[in-house]
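Coordinate inspection notes
What follows is the residue order along each chain.
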Amino acid sequence: AQTVTQSQPEMSVQEAETVTLSCTYDTSESDYYLFWYKQPPSRQMILVIRQEAYKQQNATENRFSVNFQKAAKSFSLKISDSQLGDAAMYFCAYGLNMRFGAGTRLTVKP
Amino acid sequence: SAVISQKPSRDICQRGTSLTIQCQVDSQVTMMFWYRQQPGQSLTLIATANQGSEATYESGFVIDKFPISRPNLTFSTLTVSNMSPEDSSIYLCSVERGELNTEAFFGQGTRLTVV
């Protein structure tokens, strides 16, 4: 069974600075998808970014980018130019039927 | 994207009763998923619901406790049966969409409190 580990329960970043959230996973599959989701207090799950394992190029969406290391089974999320609205729980997820990590609570300080 | 309407958004229920949560999607989807998010926790997949067949339950979840219906390609229900305070959670439905069904979209969730 696939497992997803987020080792940082909480992270804090100063507004306008950069923060990296860590995620590792375990799988025996060779082709799969990885996701980062954001959950603000409204509890709506919002897709931040998606990575397809067969693509070597790291996914980027505006201020959000990933560092995908397939051999190391690592999938970290980098948020650049952090904004107050980025404050939320961030979940790393594996696969289309979504195995989620425990989450990282991100605080953005003004 | 997909528009997913989940009802009710919240409820407070007496122990021993049952609650049915509805999930309506704005277009046809093959697979729908139900998740539980206990307070301060991550999301845990309860089951996968395909139209026209029995739902597939994850380890630790059983049909008697969480019966699921999937009468058509745009609608599903999850019932939380014989509730206890331990069932107090957020319940979310999601669907796969996008090219090759490689994106998942979530409803806004149902916050259930059992007293």
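In what follows, the accompanying structure is described. (Residues numbered from 1 in each chain as written. Chains lettered and ligands numbered in written order. Predicted model: local features only at pLDDT ≥ 70, side-chain atom pairs only at ≥ 80, totals over all residues. Heavy atoms only, no water.)

Notes on the overall build of chain B
Within chain B one finds zero helices and eleven strands. For chain B, the α and β elements follow one another from N to C terminus as β-β-β-β-β-β-β-β-β-β-β. In terms of C-alpha radius of gyration, chain B reaches 13 Å, essentially the compact-globule figure of 13 Å for 115 residues. In terms of overall dimensions, chain B has a C-alpha envelope of 40 × 25 × 20 Å along the principal axes. The buried share of chain B, reckoned over its 115 residues, is 50%. Within chain B, contacts between residues separated by at least 24 positions form 53% of all contacts whose residues are at least 6 apart in sequence. (Helix = DSSP H or I, 4+ residues; strand = E, 2+ residues; numbered from the N terminus. Rg over C-alpha atoms; globule rule 2.2 N^0.38 Å. Buried < 20%, exposed > 50% of the residue type's maximum accessible area, 1.4 Å probe, protein only. Contact = heavy atoms within 4.5 Å.)

Concerning the interface of chain A and chain B
Facing 17 residues of chain A, the contacting portion of chain B comprises 23 residues. Interface area lost by chain A to chain B is led by A:Arg43, A:Gln44 and A:Leu96, which between them contribute 36%. Linking chain A with chain B are one salt bridge, by the criterion used here. Taking the shortest distance from any N to any O, the salt bridge between B:Glu58 and A:Arg99 comes out at 2.9 Å. Between the two partners, chain A and chain B, sit eight residue pairs in polar contact (both at pLDDT 80 or more). At the level of elements, strand 5 (33-39), strand 6 (46-52) and strand 11 (99-100) of chain A are the ones that each hand at least two residues to the side of chain A that touches chain B. Among the elements that make up the side of chain A that touches chain B, the one with the highest residue count is strand 5 of chain A (four residues). (Buried area = accessible area lost by both parts, 1.4 Å probe. Salt bridge = Lys/Arg side-chain N within 4 Å of Asp/Glu carboxyl O. Polar contact = N/O pair within 3.5 Å; in protein donor to acceptor, adjacent residues only side chain to side chain.)

Points about the pairing of strand 10 (residues 88-94) of chain A
Residues and elements named next belong to chain A. Taken across its seven residues, strand 10 has seven buried, putting it largely inside the fold. One ladder, built from six bridges, connects strand 5 with strand 10; its direction is antiparallel. Within strand 10, the position partnered with Lys38 by the bridge is Tyr90. Inspection of the sheet shows strand 10 paired to strand 12 (residues 104-109) by three bridges, in the antiparallel sense. Considered in strand 12, the bridge of Ala88 is made with Leu106. (Pairing = 2+ DSSP bridges.)

Thoughts on unusual backbone geometry
In this structure, B:Pro8 follows B:Lys7 across a cis peptide bond, with omega equal to -10°. Residue placement: B:Pro8 occurs in the loop between strand 1 (4-7) and strand 2 (10-13). Despite not being glycine, A:Ala16 shows a phi value in the positive range, around 80°. Along the polypeptide, A:Ala16 turns up in the loop between strand 2 (10-14) and strand 3 (19-21).

Remarks on the layout of surface pockets
Approximately 400 Å³ is the volume found for the largest pocket. Forming the walls of the largest pocket are 21 residues, and the residues nearest its centre are A:Gln39, A:Arg105, B:Gln37, B:Gly40 and B:Ile90. The set of elements that each furnish at least two residues to the lining of the largest pocket consists of strand 10 and strand 12 of chain A together with strand 9 (89-97) and strand 11 (110-114) of chain B. Residues that form the lining of the largest pocket fall into these classes: ten nonpolar, eight polar and three charged. (1 Å grid on protein atoms, 1.4 Å probe; cavity = no way out; pocket = protein on both sides within 12 Å on 5 of 7 lines; lining within 4 Å. Points joined across faces, edges and corners; volume = space filled by probe spheres on them. Nonpolar A, V, L, I, M, F, W, Y, C, P; charged D, E, K, R; others polar.)

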